[in-house]
Structures are given as structure tokens and as C-alpha cells.
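# Topology and contacts: notes
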Amino acid sequence: MARKATFRKGKYLPLDFLARTAQVSETAILAAAKICGVVQIGRQLWFARGVTVDFVEEAQLAHRAEQAAAQRGHRAASAR
């Protein structure tokens, strides 16, 4: 017997929309989602109680960490 598909109440937002709105990469959005316990469904994220300030702050921190890692990699490559 097939399981009945259920629809979760809450906000469903596409990854690319969140990345453009927060001005961060999709990778940073996914990292913040894992930290904040947001559910990923395909290319969308499901927020039970809407997008929180904690989620946005985590996305910005992840983006800064990505930038710092890229800068360290660039400096290491140019030093060789």
C-alpha cells in the first residue's frame, strides 16, 4: 500500500530565492539550514515557523566562512 503524501503547513521557499534575497551562495543557505534544523525538500526549504533571524545570521556566517576559505586558497596558490 502506497503512503499517502502529506503536505506540511509552513513556508516553502526555493533555494535560489533565499540566496538572492540574503545575497549569499546556495551552499551557505544549505549550511544554515542544516545548523538551524530547516528541512530541505528538493530545491526548496521548509520553514515551520517562517524564516528566523537565527537562520539569516547563520547564512551570513557561512558565507563569510566560504569567502575566507577562498581567500586563503587564493593566497596559498599565489605564494607558490
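Above: the structure in question.
These lines cover the structure that appears in this document, whether it is placed above or below. It should be emphasised that the depicted structure is a prediction, and the values quoted were computed from it without experimental measurement. (Residues numbered from 1 in each chain as written. Predicted model: local features only at pLDDT ≥ 70, side-chain atom pairs only at ≥ 80, totals over all residues. Heavy atoms only, no water.)

## Side note on helix α2 (residues 26–36)
Just so we agree on the cut-off: In this scheme, a residue with accessible area under 20% of its type's maximum is buried, one over 50% is exposed, and one in between is partly exposed, where area comes from a 1.4 Å probe on protein chains only. What counts as a helix is a DSSP run of H or I of at least four residues, what counts as a strand is a run of E of at least two, and both are numbered from the N terminus. Of all possible arcs, the one meant is that of the directions from the helix axis to the C-beta atoms.
For α2, the set of buried residues is A28, I29, A32 and A33. Projected onto a plane normal to the axis of α2, the buried residues spread over an arc of 140° and lie on a single side. Facing away from the buried side of α2 by more than 90 degrees, the exposed set consists of T27, K34 and I35. Count one or two residues on from α2 and you reach G37, which has phi positive near 75°.

## Side note on the sheet that holds strand β1 (residues 11–14)
Note the following rule: Strands qualify as paired when DSSP identifies two bridges or more between them. Comment: axis = line fitted to C-alpha atoms, over the contacting stretch for helices; angle = value between 0 and 180 degrees taken between N-to-C directions. Should any heavy atoms of two residues lie within 4.5 Å, those residues are considered in contact.
Spatially, three strands are ordered β1-β3-β2 in an open sheet, and the strand pairing comes out antiparallel. The open sheet has two edge strands with one neighbour each: β1 and β2 (39–41). Between one strand axis and the next, the sheet turns through 30° on average, direction left out of account. Relative to strand β3 (residues 44–47), β1 runs antiparallel, the two sharing four bridges. Within the sheet, the bridge partner assigned to K11 lies in β3 and is F47. Each of β1, β2 and β3 touches helix α1 (residues 15–22); the most contacted strand, β1, lies at about 75° to it.

## Focus: the pairing of β3
Examined bridge by bridge, β2 and β3 share three bridges and lie antiparallel to one another. Paired with I41 across the bridge in β3 is Q44. Here β2 folds back onto β3, and the loop between the two strands holds two residues, one of which, G42, carries a positive phi near 65°.

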